[in-house]
Amino acid sequence: MDVLFVASEMAPFSKTGGLGDVAGALPKALAARGDRVIAVSPRYSVVPEATDSGLTASIWLYGRLHRCRLFVLDRDGVRWVLVDNACYHREGIYGDSTGAYDDNLFRYALLCRVAIEVAETLPALDGKRLERPVFHANDWHTGLLPVYLAATYKQEGRLHGSRVVLGLHNLGHQGTARRAAFEGLGLPRAAWPLVDMHGHLNPLKAGIVASDAMVAVSPTYSRQIQVDQGFGLEGVLRERNDRLIGIVNGIGPEWDPATDTHLPATYTADDLTGKAACKAELQRSLGLPVRDVPVFGMVSRLDHQKGVDLVEAIAPWLLSNDVQLVMLGSGSERYERFFRQSERRWPRQARGYVGFSEPLAHLVEAGSDVFLMPSRFEPCGLNQLYSMRYGAVPVVHATGGLADTVTTASPGRDDATGWAFRPHSVEAFQAAVGYALLTLTRYPEAFARIRENGMRSDWSWDRSAARYQAVYRAVQG
Ligand code: ADP
Ligand code: GLC
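Residues numbered from 1 in each chain as written. Chains lettered and ligands numbered in written order. Predicted model: local features only at pLDDT ≥ 70, side-chain atom pairs only at ≥ 80, totals over all residues. Heavy atoms only, no water.

Asks: Summarise the sheet that holds strand S3 (residues 51-61); cite the residues concerned and give the values.
Replies: Pairing is mixed across the open sheet formed by nine strands, whose spatial order is S3-S4-S5-S2-S1-S8-S9-S12-S13. The open sheet has two edge strands, S3 and strand S13 (244-246), and neither has a second partner. With direction set aside, neighbouring strand axes in the sheet form an average angle of 25°. Where helix H5 (residues 203-210) meets the sheet, its contacts fall on strand S9 (163-168) and strand S12 (213-216), and the angle it forms with S9 comes to roughly 130°. (Pairing = 2+ DSSP bridges. Helix = DSSP H or I, 4+ residues; strand = E, 2+ residues; numbered from the N terminus. Axes fitted to C-alpha atoms, helices over the stretch in contact; angles between N-to-C directions. Contact = heavy atoms within 4.5 Å.)

Asks: Just give me the short version of the sheet that holds strand S14 (residues 295-302), but keep the residues and values in it.
Replies: With parallel pairing, the six strands of this open sheet are ordered in space as S16-S15-S14-S17-S18-S19. Both edges of this open sheet fall to strand S16 (350-354) and strand S19 (419-421), since each of them pairs with a single strand only. Along the sheet, successive strands turn relative to each other by an average axial angle of 15°, direction set aside. Here strand S17 (residues 370-373) pairs with strand S18 (residues 393-397) via four bridges, running parallel. Considered in S18, the bridge of leucine 372 is made with valine 395.

Asks: Go over the site of ligand 2, please, and point to the residues and values.
Replies: In the region of ligand 2, 14 residues are neighbours, and His169, Asn249, Glu378, Cys380 and Gly381 sit closest. The side chain of histidine 169 places a nitrogen or oxygen atom 2.7 Å from an oxygen atom of ligand 2. Contact between ligand 2 and glutamine 305: an oxygen atom at 3.1 Å from a side-chain N or O atom of the residue. Look at ligand 2: alone it shows 310 Å² of surface, and the protein chains cover 93% of it. When residues of the shell around ligand 2 are assigned to their parent elements, the largest contribution, three residues, is made by helix H1 (residues 18-32). Classifying every residue of the shell around ligand 2 gives six nonpolar, six polar and two charged. Of the domains in this structure, domain 1 (2-250 + 461-476) and domain 2 (273-456) are the two that each give at least three residues to the shell around ligand 2. (Near = heavy atom within 4 Å. Polar contact = N/O pair within 3.5 Å; in protein donor to acceptor, adjacent residues only side chain to side chain. Areas by Shrake-Rupley, 256 points an atom, 1.4 Å probe, with all protein chains shown as cover. Nonpolar A, V, L, I, M, F, W, Y, C, P; charged D, E, K, R; others polar. Domains from an automatic or database assignment.)

Asks: Tell me about the pairing of S17, and name the residues and values.
Replies: On S17, burial covers both faces: Val370 and Leu372 on one face and Phe371 and Met373 on the other are all buried. Sheet topology note: the S14/S17 ladder contains two bridges and is parallel. Residue glycine 297 lies in a different strand from S17, and its bridge partner there is phenylalanine 371. (Buried < 20%, exposed > 50% of the residue type's maximum accessible area, 1.4 Å probe, protein only.)

Asks: An account of the site of ligand 1 is needed here, citing residue identities and associated values.
Replies: Around ligand 1, 23 residues are found, and the nearest of them are Gly18, Asp21, Arg301, Lys306 and Gly355. At 2.6 Å from an oxygen atom of ligand 1 is found a main-chain nitrogen or oxygen belonging to glycine 18. The separation between an oxygen atom of ligand 1 and a polar side-chain atom of lysine 306 is 2.7 Å. When the free accessible area of ligand 1 is taken as 560 Å², the share hidden by the protein chains comes to 94%. At the level of elements, H1, S14, strand S15 (324-331) and helix H12 (383-389) are the ones that each hand at least two residues to the shell around ligand 1. Broken down by class, the residue content of the shell around ligand 1 amounts to eight nonpolar, 10 polar and five charged.

Asks: How would you explain the domain arrangement of the protein if you had to name every residue and give the values?
Replies: Examined at the domain level, the protein breaks down into domain 1 (2-250 + 461-476) and domain 2 (273-456). Computed from C-alpha coordinates alone, the two centres of domain 1 and domain 2 are separated by 33 Å. Taken together, the 18 residues of domain 1 in the interface contact 15 residues of domain 2. Where domain 1 abuts domain 2, roughly 1300 Å² becomes buried across the two surfaces, and 57% of that area is made up of carbon and sulfur atoms. Summed over the shared surface of domain 1 and domain 2, the number is one salt bridge. (Buried area = accessible area lost by both parts, 1.4 Å probe. Salt bridge = Lys/Arg side-chain N within 4 Å of Asp/Glu carboxyl O.)

Asks: Any chance you could break down the confidence of the model for the protein for me, citing the residues and the numbers?
Replies: Overall, the prediction assigns the protein a mean pLDDT of 97, with 100% of residues at 70 or greater. Mean pLDDT values for the elements of the protein range from 93 in strand S7 (residues 99-100) up to 99 in S17. (pLDDT = per-residue confidence, 0-100.)

Asks: Requested: an account of the packing of aromatic side chains, with residues and values cited.
Replies: Any aromatic ring pair is given by two values, namely how distant the centres are and how the planes are angled relative to each other. This structure, assessed with the given rule, holds 13 aromatic pairs. Judged by centre distance (5.8 Å) and plane angle (70°), the rings of phenylalanine 13 and tryptophan 80 are edge-to-face. Placement of the pair is phenylalanine 13 in the loop between strand S1 (2-6) and H1 and tryptophan 80 in strand S5 (residues 78-84), with a sequence separation of 67 residues. Here phenylalanine 182 and tryptophan 192 contribute two aromatic rings whose centre-to-centre distance is 5.2 Å and whose plane-to-plane angle is 75°, an arrangement assigned as edge-to-face. Separated by 10 residues along the polypeptide, phenylalanine 182 in the loop between S9 and helix H4 (192-195) and tryptophan 192 in helix H4 bring together distant segments of the chain. An aromatic cluster of at least three residues, connected via ring pairs, comprises Tyr94, Tyr108 and Trp140. Over the face of the ring belonging to phenylalanine 71 we find arginine 43, whose NZ or CZ atom lies 3.8 Å from the ring centre. Its guanidinium or amino end placed over the ring of tyrosine 148, arginine 113 lies 5.2 Å from that ring's centre, counting from NZ or CZ. (Phe/Tyr/Trp six-rings, centres within 6.5 Å; stacked < 30°, edge-to-face > 60°. Lys NZ or Arg CZ within 6 Å of the ring centre and 35° of its normal.)

Asks: Help me get a handle on a nonpolar patch on the surface, residues and values and all.
Replies: A cluster of nonpolar residues, Tyr435, Leu438 and Tyr443, forms a patch on the protein surface that exposes about 330 Å² of accessible area. Residue position: leucine 438 is located in helix H14 (residues 426-442). (Patch = residues over 30% accessible without salt bridge, like charges linked within 9 Å, V, L, I, M, F, W, Y side chains within 5 Å.)

Asks: Now, about the side chain of asparagine 85: what can you tell me, with residues and values included?
Replies: With respect to the helices, strands and loops of the structure, asparagine 85 is situated in the loop between S5 and strand S6 (95-96). At a separation of 3.1 Å, a polar atom in the side chain of asparagine 85 contacts the main-chain carbonyl oxygen of arginine 67. Those residues in contact with asparagine 85, other than ones at most four positions away along the chain, are His66, Arg67, Cys68 and Leu110.

Asks: An account of H1 is requested, with residue identities and associated values reported.
Replies: For H1, spanning 15 residues, the distance from its first C-alpha to its last is 21 Å, which sits close to the expected 21 Å at 1.5 Å a residue. A large share of H1 lies buried, amounting to 12 of its 15 residues. For H1, the elements touching its buried residues are S1, strand S2 (36-42), S5, strand S8 (134-138), H12 and helix H16 (461-476). Backbone geometry just downstream of H1 places glycine 34 in the positive-phi region, at approximately 105°. (Expected span 1.5 Å × (residues − 1).)

Here it is as structure tokens:
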């Protein structure tokens, strides 16, 4: 298959969360299985290895011609294309401390248009153009892609054999804008009903109704968004549910404790010696007492979605035990304040590191015994997969991808990989964390078994990539 993958963030070039990880890993996994893949994302900052191809795409949007240069990097069997335009050169990816950028609709409409042009003009790694490509769009940012394709390009007889698969990573962000913003998009009037959601322009809704198939990032999430987690799009999704399936994400090669270059020592399920060294380094680097004590970790965008309020609620109880709590995150001011206060209140036990740090994220996974992920909703979640692989046993809310990937411990089970609690309440969370702590301190063999099960679980991208290929084949007919 020929695949043109397009996303608003793509690790390692850009990343704010899991979408970046997926967009950096899935194209590689598809290429390894034999697809010809071009992956397109904005060039937010200089990527030294990517070279200027000399090719440009000029797109008319909002009354002006926008010239974009295409930077190219051929690596891991994928042609990575970084779209360069002044609108992407900013402090943040989607916004800054004052909020989201006002012109995001324009910035990502531009990305959609350029991605379509790339499919037509830029050859793949083997020097040949893509044939009847499947566009793999992701989330609201690229929701308009199938609309452009159907309402303009295909009308002109271009790319008529192409299809669009839309990845649904988070229904909580839809890119909604005022109706007036439709004017400058260069779409025909007849396309308005596709993008219209109660009188507003909604790019995610447009993607849902105009794509050929949709893939939510876990089976449970694919059902939940049709019932009560669609942020208003439940009905639209139900109408197209014959086109919707769920496929869980995988773990990229950079998340492997046996080879991780961010760690002071590597380790495997057979030999955990290196993990103890990672714990000591985590404690030392954050100024905590270096001791053999249970360490609870968390790495998260500080968003309402992530349920940090539950961690805040149980912290006094949790830290009344002889344990340490290490949190890494950035986002909402309210939770950043909790992070800072926790350091003042429990200076020898708690650290709340405010910021975005890839090396520290790896060290927290490696240095923790238990990983906390009490998300209100979680489409898939990557951190619980990473934590299982790193031997940090996850305690998660049983929702979305967390429910699909963590096997909860209960008496008589020997395949558990963590603790999944429900409902989403302080009591249920505290009980689950309590079980984890009790098992770790009183029943170390049982805990070791759970840890080992998680470390040995197979969450490789290869398996999920095979499922994506089946979807591509289905839409190509
Ligand atoms: P989401 O995409 O909703 O944020 P995921 O669990 O799918 O949740 O993915 C989160 C990704 O972002 C992981 O790779 C995680 O390590 C990373 N991440 C989140 N917050 C930070 C942070 N403050 N510093 C470094 N990495 C972070
Ligand atoms: C979103 C979701 C997260 C998912 C990620 C990658 O950011 O919040 O659950 O893992 O996308 O699919």
